[in-house]
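Below, each chain spelled out in residue letters.
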Amino acid sequence: MLEQIDELLVKVKGFNTTNTAEIEKFRIEYSGKKGLLNALFDKFKDVPNDQKKAFGQKINALKQAVAEKLEDLKSNTREIEPLELVDWTRPGIPMDLGTRHPINLVKMRIIEIFKSIGFAVSDGPEIEDDWHNFSALNLPEYHPARDMQDTFFIEQDPDILLRTHTSSVQIRYMENNEPPIRILSPGRVFRNEAISSRSHCIFHQIEGLYIDKKVSFADLKQTLQYFTTELFGKSKIRLRPSYFPFTEPSAEVDVYWGLNSETDYRITKGTGWLEIMGCGMVDPAVLTNVNIDPEVYSGFAFGMGIERIVMLLHQMGDIRMFFENDKRMLEQFKSL
Ligand code: DAH
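Residues numbered from 1 in each chain as written. Predicted model: local features only at pLDDT ≥ 70, side-chain atom pairs only at ≥ 80, totals over all residues. Heavy atoms only, no water.

So, the overall build of the protein chain
A count of helices and strands for the protein chain gives 13 helices and 10 strands. Here the C-alpha atoms of the protein chain give a radius of gyration of 38 Å, more than 25% beyond the 20 Å that 2.2 N^0.38 yields for 336 residues. With respect to the principal axes defined by its C-alpha atoms, the protein chain has extents near 120 × 55 × 35 Å. The buried share of the protein chain, reckoned over its 336 residues, is 40%. In the protein chain, the proportion of contacts linking residues at least 24 apart, taken out of those at least 6 apart, comes to 65%. Counting only carbon and sulfur atoms, one obtains 51% of the accessible surface of the protein chain, whose full area is about 19,500 Å². (Helix = DSSP H or I, 4+ residues; strand = E, 2+ residues; numbered from the N terminus. Rg over C-alpha atoms; globule rule 2.2 N^0.38 Å. Buried < 20%, exposed > 50% of the residue type's maximum accessible area, 1.4 Å probe, protein only. Contact = heavy atoms within 4.5 Å. Areas by Shrake-Rupley, 256 points an atom, 1.4 Å probe, with all protein chains shown as cover.)

Some details on the environment of Gly299
Along the polypeptide, Gly299 turns up in strand S10 (residues 298-305). Taking relative accessible area as the criterion, Gly299 reaches 1% and is therefore assigned buried. Sequence spacing of Gly299 and Phe217 is 82 residues, and the spatial spacing of their C-alpha atoms is 8.4 Å. Leave out the neighbours within four places in its chain, and Gly299 touches Tyr210, Ile211, Val215, Gly280, Met281 and Val282.

Observations concerning the sheet that holds strand S4 (residues 160-162)
With antiparallel pairing, the three strands of this open sheet are ordered in space as S2-S4-S3. Since the sheet does not close on itself, it has two edges, and those belong to strand S2 (127-129) and strand S3 (153-155), each with one partner. The average undirected angle you get between the axes of adjacent strands in this sheet is 35°. (Pairing = 2+ DSSP bridges. Axes fitted to C-alpha atoms, helices over the stretch in contact; angles between N-to-C directions.)

A look at the site of the ligand
The ligand sits among 16 residues. The nearest are His165, Ser167, Arg191, Gln205 and Glu207. Interatomic distance of 3.1 Å between a backbone N/O atom of Ala301 and an oxygen atom of the ligand. Its free accessible area being 360 Å², the ligand has 92% of it covered by the protein chains. (Near = heavy atom within 4 Å. Polar contact = N/O pair within 3.5 Å; in protein donor to acceptor, adjacent residues only side chain to side chain.)

Quick notes on the packing of helix H6 (residues 102-115) against helix H9 (residues 217-232)
Axis separation between H6 and H9 bottoms out at 10 Å; the angle between their running directions is 135°. Classified by the interaxial angle, the pair formed by H6 and H9 is oblique. At the point where H6 passes H9, the crossing takes the right-handed sense. In contact with Arg109, Ile110, Ile113 and Phe114 of H6, H9 contributes Thr223, Tyr226, Phe227, Glu230 and Leu231. For the contact of H6 with H9, the class distribution of residues is six nonpolar, one polar and two charged. (Parallel < 35°, antiparallel > 145°, perpendicular 65-115°, else oblique. Left-handed = near helix turned anticlockwise from the far one by under 90°. Nonpolar A, V, L, I, M, F, W, Y, C, P; charged D, E, K, R; others polar.)

Re the domain arrangement of the protein chain
The domains assigned to the protein chain are domain 1 (2-80) and domain 2 (102-333). On a C-alpha basis, the centroid separation for the pair domain 1 and domain 2 is 79 Å. (Domains from an automatic or database assignment.)

Some remarks on the sheet that holds strand S8 (residues 247-256)
Pairing is mixed across the open sheet formed by seven strands, whose spatial order is S1-S5-S6-S10-S9-S8-S7. If you trace the sheet from one side to the other, it starts and ends with strand S1 (120-121) and strand S7 (237-244), each paired once. Pairing analysis gives eight bridges linking S8 to strand S9 (residues 273-282), with the strands arranged antiparallel. Directly across from Thr247, in S9, lies its bridge partner Val282. Taken strand by strand, helix H8 (residues 167-176) contacts strand S5 (181-190), strand S6 (202-212) and S10, and its axis lies near 40° from that of S6.

Some points on the environment of Arg191
Within the element layout of this structure, Arg191 appears in the loop between S5 and S6. Arg191 gets classed as buried once you look at its relative accessible area, which sits at 13%. Here the alpha-carbon distance between Arg191 and Val106, two residues 85 residues apart in the chain, equals 22 Å. At a separation of 2.9 Å, a polar atom in the side chain of Arg191 contacts the main-chain carbonyl oxygen of Thr164.

With respect to the packing of aromatic side chains
A complete count under the given rule lists 12 aromatic pairs for this structure. Seen in terms of ring centroids, Phe232 and Trp257 are 5.2 Å apart; in terms of plane orientation they differ by 75°. Their pairing is edge-to-face. Note that Phe232 is positioned in helix H9 and Trp257 in the loop between S8 and helix H10 (262-267), a separation of 25 residues in sequence. The exposure classification of Phe232 matches that of Trp257, with both residues buried. (Phe/Tyr/Trp six-rings, centres within 6.5 Å; stacked < 30°, edge-to-face > 60°.)

Some thoughts on the pairing of S5
Burial runs high along S5: eight of the 10 residues are buried. Taken together, the two bridges between S1 and S5 define a ladder with parallel strand orientation. Bridging from a neighbouring strand, Ala120 pairs with Ile183 of S5. Sheet topology places S5 next to S6; 10 bridges connect them, and they run antiparallel. By the bridge assignment for S6, Phe190 is matched with Ile202.

Shown next as structure tokens:
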């Protein structure tokens, strides 16, 4: 009897397979309810007393060897096991295609419109110095207009900051290129103005700049009118006098949205007019700062917030939706 157990022990130790069905067969053969181990334990009571100890030790050794072997075999198959369970004939799992973010879609559309009249895209860094974000744009230190844009500073003296507008790209481009200049600069901007839960300190702008000989205010108005017609299908605009340090004269651009629905009344506050951007003729001081002769060249610039335009185009009521990554919102732009 003891020899028989010894033989089994050798057999167990020598057993090897990676086939899960064979492993299961092995398990049932040895440790199943009607398996060899139970059968041996059953025989224990018939073993003469003087052999009980040796017999007990042997079957315990066998039991342990079986347990170890099973553990061993299972760990070897762990990686391939799921493969064997795959039903290769099943239909595939559909892949969720991503969608472009509405901000990007509208940005691309705006770029397309301006490209068709000769504007090229140019971008600049999000981390800026004081010169490009403020000083060169005719916003000297301590100028109160700096307060219009609460700034995130990274370092002070000399100031390094997160750009508060895309107007900084105007300076970078004019420093490195000769007129004629016709550029569009989309990008992220940052303002330290979390004054309400509705406002967001990161948003997107698109800047436009046109510098050449004899560029006039009429060119500006015509360009903007072309743009609003293409984007909104609305050609009636008005330029309201305003102030920006880098343009003179400056204006806010309003589009006549109409009063055809309740929504129109709400978003235009009953006036029919909607403000969409700031603009103006580039201030001669700005041109001088970038070594362009204001006696020879003139130009216009404009800047608009993209979020606002997306909200107008798609009748979105809350700017926070852009940043929540809610697929139910994003998927609505799938087909655009
Ligand atoms: N930079 C301005 C802002 O962020 C927007 C702006 C106004 C840009 C007039 C321009 C401009 O280029 O001419 O509020």
